Amino acid sequence: MRAPFLSAAQILATSDLVSVLPLNVAKTMTRSHPLTFHRLSRSPKPIEAAMIWLRRLDNQPAHAWLRDVITGVASDFRAG
């Protein structure tokens, strides 16, 4: 099953499923739902991700700002 992070806590809290999530997401979910987290015994392979957009948006200031925000957020996930 695949589900967005925002719905994963509710799905897990009402089922017998298990999920592998970023540690910061799992910790947050345990604060709002009756869930328990355990660290994996070894780290999973890193996920390679990329952004793509229309070439004509390269020089649009608002789009460049959004790409910078996404890059910053993605960097936070890699560091965590």
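Position labels on residues start from 1 in each chain and follow its written sequence. Reporting in this predicted model follows two pLDDT cut-offs: at least 70 for local features of residues, and 80 or more for side-chain atom pairs to be given and counted; totals over whole chains, interfaces and linings ignore these cut-offs and use all residues. Side-chain metrics in this entry use all non-hydrogen atoms of the structure; hydrogen atoms and water are not considered.

Caption draft 1: Structural context of the overall build of the protein chain. What counts as a helix is a DSSP run of H or I of at least four residues, what counts as a strand is a run of E of at least two, and both are numbered from the N terminus. Secondary structure assignment for the protein chain yields three helices and zero strands. Going residue by residue from the N terminus, the α and β elements of the protein chain occur as α-α-α. This radius of gyration counts C-alpha atoms alone. The globule rule is 2.2 Å times how many residues there are, raised to the power 0.38. The C-alpha radius of gyration computed for the protein chain amounts to 16 Å, which surpasses the reference 12 Å derived for 80 residues by more than 25%, pointing to a less compact arrangement than a globule. For the protein chain, the C-alpha atoms occupy an extent of roughly 45 × 25 × 25 Å along the three principal directions. Exposure categories follow from relative accessible area, calculated using a 1.4 Å probe and restricted to protein chains: below 20% of the type maximum is buried, above 50% is exposed, and the middle band is partly exposed. The 80 residues of the protein chain split such that 9% are buried. We call two residues in contact when some of their heavy atoms are within 4.5 Å. Long-range pairs, those at least 24 residues apart, make up 11% of the contacts in the protein chain with a sequence separation of at least 6. If you sum the accessible surface of the protein chain, you get close to 7400 Å²; carbon and sulfur atoms cover 58% of it. Here the protein chain holds 10 positive side-chain charges and 5 negative ones, and the gap between their average locations is 4 Å. Areas reported as accessible are Shrake-Rupley estimates using a 1.4 Å probe. Residue values count occlusion only from the protein chains shown. Counting rule for charge: Lys and Arg are taken as positive, Asp and Glu as negative, and neither His nor the chain ends is counted. Taken as the charge location is NZ of Lys, CZ of Arg, CG of Asp or CD of Glu.

Caption draft 2: Seen up close, helix α1 (residues 5-13). When we look at burial in α1, the residues that qualify are Ala 8, Ala 9 and Leu 12. The buried residues of α1 occupy an angular sector of 95 degrees when the element is viewed end-on, so they sit on one face. Those residues of α1 hidden inside the fold are in contact with α2 (23-32). In this description, the arc belongs to the directions extending from the helix axis to the C-beta atoms.

Caption draft 3: Region of interest: the confidence of the model for the protein chain. In this model, the protein chain carries an average pLDDT of 86, and 94% of its residues clear a pLDDT of 70 or more. Of all the helices and strands in the protein chain, helix α3 (residues 61-79) carries the lowest mean pLDDT, 85, while α2 carries the highest, 89. A residue's pLDDT is the confidence the predictor assigns to it, expressed on a 0 to 100 scale.

Caption draft 4: Molecular detail of the packing of aromatic side chains. Ring geometry is summarised as follows: Phe, Tyr and Trp rings, the Trp one being its six-membered ring, pair when their centres sit within 6.5 Å, and such pairs are stacked at plane angles under 30 degrees, edge-to-face over 60 and tilted between the two. Evaluated as defined, the whole model comprises zero aromatic pairs. Two conditions define a charge located above a ring, namely a distance within 6 Å from the ring centre to NZ of Lys or CZ of Arg, and an angle within 35 degrees of the ring normal. Above the plane of the ring of Trp 53 lies Arg 67, whose end atom (NZ or CZ) is 4.2 Å from the centre.

Caption draft 5: Summary view of α2. The complete set of buried residues in α2 reads Val 25, Ala 26 and Met 29. Buried positions in α2, seen along its axis, are confined to an arc of 95 degrees and lie on one side of it. Those residues of α2 hidden inside the fold are in contact with α1.

Caption draft 6: Examining the environment of Val 18 more closely. By secondary structure assignment, the location of Val 18 is in the loop between α1 and α2. A residue is classified by how much of its surface remains accessible, and Val 18, at 77% relative accessible area, is exposed. A C-alpha to C-alpha distance of 13 Å links Val 18 and Arg 39, two positions 21 residues apart in sequence.

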